[in-house]
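Fold and contact review
Listed here are the chains, written in short residue letters.
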Amino acid sequence: MVEQLLINNDDFYVPDANQLITEDDTPVDNFASAKQQRLLVGSLYSSLQNQTFLAEANVGIYHADKQPSIVPDIFLSLDVQTPANWWEKQNRCYMVWRFGKPPEVVIEIVSNQEGDELSKKLQIYEQMRVSYYIVYDSTQQLGEKILRVYELRGRRYFETSETWLEQVGLGVTLWEGEFEGRHDTWLRWCYQDGSVLLTGDELAQQQRQRAEQAEERAQLLAERLRAMGIDPDTL
């Protein structure tokens, strides 16, 4: 287990969590975004079970005193985990001063032209020093680009054509296929070879296919042995 880095209250001013709005019950704005968020978060937890990280959708991040939280569609923070008592006020959302660092990756899913993904939000994540900021604009609300990846270099974001996130050890890719009964183009995490991180259902299907293939091979071997006059049941 990786020990979380917490900022020492004696050395730094820590805002009073009781004065912060950790949830405002604002709903997800559309079905497509909700399903895309489940795919991105769920595949991390099903495929990276041996790693310590925290990934969530629509959970607020507090990054500075006297500043409101920002609520990304998706964030990924490595080497941290949710506190044991997550119902305590100071543990209900991602407070940078408690986790000791910002998330490594933030993803915004564009629904309209009013989200400030390329202006205000970009500036906040840049000031927060999030290593990678990804804007997924599947309906091209903000221009011709469907996918924009920004990498923090020094103190500024630079847009890059590279979709492999070196500091995270993961990449992102556009993938066409079916998820939860819906065939579409989806944003997915991927390994360096381009293969996508599988969801729990995909992993279960893969295991079933391997079991079926193993059974078929066993039956074929048994048939060959019988053809040679050997009873496989006696072996």
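Everything below is about the structure shown above.
Structural notes, computed from the coordinates.

Let's shift gears to the side chain of Glu202. Mapped onto the secondary structure, Glu202 falls in helix H4 (residues 200–227). Assessed through its relative accessible area of 17%, Glu202 is described here as buried. From its side chain, Glu202 meets the backbone nitrogen of Thr199 in a polar contact 2.9 Å long. Glu202 has contacts with Trp175, Arg188 and Leu197, leaving out every residue within four places of it along the chain.

Time to look at the sheet that holds strand S1 (residues 53–56). What the 6 strands build is an open sheet, ordered S1-S3-S5-S6-S7-S8; its pairing is mixed. The sheet is open, and its two borders are formed by S1 and strand S8 (156–160), each paired with just one other strand. Direction aside, neighbouring strands of the sheet carry axes that sit 15° apart on average. Summarising the sheet, strand S7 (residues 147–153) and S8 pair through 5 bridges and their orientation is antiparallel. Within the sheet, the bridge partner assigned to Leu152 lies in S8 and is Tyr157. Contacting strand S5 (105–109), strand S6 (132–136), S7 and S8, helix H3 (residues 120–128) crosses the sheet at an angle of about 120° to S8.

It is worth spelling out the nonpolar core at this point. Leu44, Leu76, Val105, Ile107 and Trp189 are the most contacted members of the largest nonpolar core, which has 23 residues in total. Secondary structure elements with two or more residues in this core: helix H1 (31–47), S1, strand S3 (74–78), S5, S6, strand S10 (170–179) and strand S11 (182–190). Sequence-distant contacts of Trp189, that is, excluding residues within four places in its chain, are made with Leu40, Ser43, Leu44, Leu76, Val105, Ile107, Leu165, Leu170, Gly171, Val172, Val196 and Leu197. Residues Leu54, Ile70, Val110 and Tyr150 belong to the second largest nonpolar core, which totals 20 residues.

A separate point is the environment of Glu56. Here Glu56 shows up in strand S1. The spacing of Glu56 and Asp73 is 17 residues in sequence and 8.1 Å in space, taken between C-alpha atoms. With residues near it in sequence (within four places) discarded, Glu56 still touches Val41, Tyr45, Asp73, Ile74 and Phe75.

A separate point is the sheet that holds strand S9 (residues 164–165). Either a parallel or an antiparallel arrangement is found when strands of a sheet pair, and the pairing is made through backbone hydrogen bonds. Taken together, the 3 strands give an open sheet; going across it, the order is S9-S10-S11, and neighbouring strands pair in antiparallel fashion. The open sheet terminates on both sides in strands that have one partner only, identified here as S9 and S11. Alignment of S9 against S10, held across 2 bridges, turns out to be antiparallel. From the neighbouring strand, Leu165 faces S10, where its bridge partner is Leu170. Where H1 meets the sheet, it contacts S10 and S11, and its direction lies at approximately 40° from that of S11.

About the thresholds
- Residues numbered from 1 in each chain as written.
- Predicted model: local features only at pLDDT ≥ 70, side-chain atom pairs only at ≥ 80, totals over all residues.
- Heavy atoms only, no water.
- Helix = DSSP H or I, 4+ residues; strand = E, 2+ residues; numbered from the N terminus.
- Buried < 20%, exposed > 50% of the residue type's maximum accessible area, 1.4 Å probe, protein only.
- Polar contact = N/O pair within 3.5 Å; in protein donor to acceptor, adjacent residues only side chain to side chain.
- Contact = heavy atoms within 4.5 Å.
- Pairing = 2+ DSSP bridges.
- Axes fitted to C-alpha atoms, helices over the stretch in contact; angles between N-to-C directions.
- Core = buried A, V, L, I, M, F, W, Y, C linked by side-chain atoms within 4.5 Å.

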